[in-house]
Amino acid sequence: MNRMLTIASNTMGQLQNQLDVISNNIANVNTVGYKRRDTNFSEMLTQQYDNQTRYDQELGRNTPFGVRYGVGAKLAHTALQLDAGAIQRTERKLDVALVQKNQFFQVNVTENGRTETRYTRDGSFQLLPINGDGSKLQLSTSEGHPVLGTNGPIIVDGNAKDFSFNETGGLTVTNQNGTRTNYQLAVVNVLKPQNFESAGSNLFRISQAATAGQTVRPINANQVSTMGGALEQSNVDLATSMTDLTITQKAYQFSSRAITMADEMSGLINGLR
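Procedures and definitions
Residues numbered from 1 in each chain as written. Predicted model: local features only at pLDDT ≥ 70, side-chain atom pairs only at ≥ 80, totals over all residues. Heavy atoms only, no water. Helix = DSSP H or I, 4+ residues; strand = E, 2+ residues; numbered from the N terminus. Expected span 1.5 Å × (residues − 1). Buried < 20%, exposed > 50% of the residue type's maximum accessible area, 1.4 Å probe, protein only. Core = buried A, V, L, I, M, F, W, Y, C linked by side-chain atoms within 4.5 Å. Axes fitted to C-alpha atoms, helices over the stretch in contact; angles between N-to-C directions. Parallel < 35°, antiparallel > 145°, perpendicular 65-115°, else oblique. Left-handed = near helix turned anticlockwise from the far one by under 90°. Nonpolar A, V, L, I, M, F, W, Y, C, P; charged D, E, K, R; others polar. Polar contact = N/O pair within 3.5 Å; in protein donor to acceptor, adjacent residues only side chain to side chain. Contact = heavy atoms within 4.5 Å. Pairing = 2+ DSSP bridges.

Some points on helix α2 (residues 238-270)
Reasoning step 1: An ideal rise of 1.5 Å per residue puts 48 Å on 33 residues; α2 measures up with 48 Å between its terminal C-alpha atoms.
Reasoning step 2: Buried residues of α2: Ser 241, Leu 245, Thr 248, Ser 255, Ala 262 and Ser 266, and no others.

Examining the nonpolar core
Reasoning step 1: Judged by nonpolar contacts, the single largest core of 20 residues is most densely connected at Phe 125, Leu 139, Phe 165 and Leu 185.
Reasoning step 2: Those elements giving two or more residues to this core turn out to be β6 (96-98), β10 (136-140), β14 (160-165) and β15 (170-175).
Reasoning step 3: Counting nine residues, the second largest nonpolar core, distinct from the first, contains Leu 80, Leu 82, Val 190 and Phe 204.

With respect to the packing of helix α1 (residues 2-27) against α2
Reasoning step 1: With their axes 9 Å apart at the nearest point, α1 and α2 run at an angle of 160° to one another. Classified by the angle their axes make, α1 and α2 are roughly antiparallel. The element α1 and its partner α2 pack so that their crossing is left-handed.
Reasoning step 2: When the residues that make up the contact of α1 with α2 are grouped by side-chain class, the tally is 16 nonpolar, 10 polar and one charged.

Examining the side chain of Asn 28
Reasoning step 1: Tracing the backbone through its elements, the reader meets Asn 28 in the loop between α1 and β1 (37-43).
Reasoning step 2: Accessibility expressed as a relative area gives 17% for Asn 28, which makes it buried.
Reasoning step 3: Of note is the side chain of Asn 28, whose polar atom sits 3.0 Å from the side chain of Thr 31.
Reasoning step 4: Setting aside residues up to four positions removed in sequence, Asn 28 forms contacts with Tyr 34 and Ser 234.

Observations regarding the sheet that holds strand β13 (residues 155-157)
Reasoning step 1: Spatially, three strands are ordered β9-β10-β13 in an open sheet, and the strand pairing comes out antiparallel. Either end of the sheet is taken by a strand with one partner, and the two such strands are β9 (126-129) and β13. Put simply, the sheet's adjacent strands are angled 40° from each other on average, direction ignored.
Reasoning step 2: Sheet topology places β10 next to β13; three bridges connect them, and they run antiparallel. What sits directly across from Lys 136, in β13, is Asp 157.

Below, the structure written as structure tokens:
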């Protein structure tokens, strides 16, 4: 009975982690540029019982000899899925969507006096003043973090009156006097999405536990593919996620029922005279 309790409790804890991942996906179904995570399970330790000494008695058997007794399953890892979400036209001039699924914008984030480069698919940008008189504006994310261009943060003149993104991530700014200035967004190609970890505010960072090899690679403007006046939606499929949520909840209930049954059987045994 103790083994049944151990197996069920182990599995319930891991199913709770899966429920958390699925719930987070569903909560971000309307988050611009959000990338869902899928869960992968693996079997925990198993115990092998070789109780058959006469192999000639089991001719034609397709499964391995003996009996394997497991102790439940565990959540091995979560995998970031870079499938592209639907592109929605907004006609807003500072909105831009990445078309290729493995390309990300670069963003500078400063926390506790330390600046770190992070990555996002959220192209709902804005221009924020960086000085008191508003003579200089900086291209920023919706959370206020500076968006990086090929030459660092993109800073434009405060008297700019028009903006437009081209198909290769180039931003054209037109001033009041008609002068045009071009900037190029810094975009990277993600080679190892398994090295990404969520950093909040729809941003990713490279994990300190990243596997060996290059995780991201900067790419040239002719390799970037964008759509101005549009945003990429979340790649979460609500119907699929709700189905996964229901299946996981049922599995959780079965494990809970197993604990109840083990407890009832222990009570019967302890009550024998």
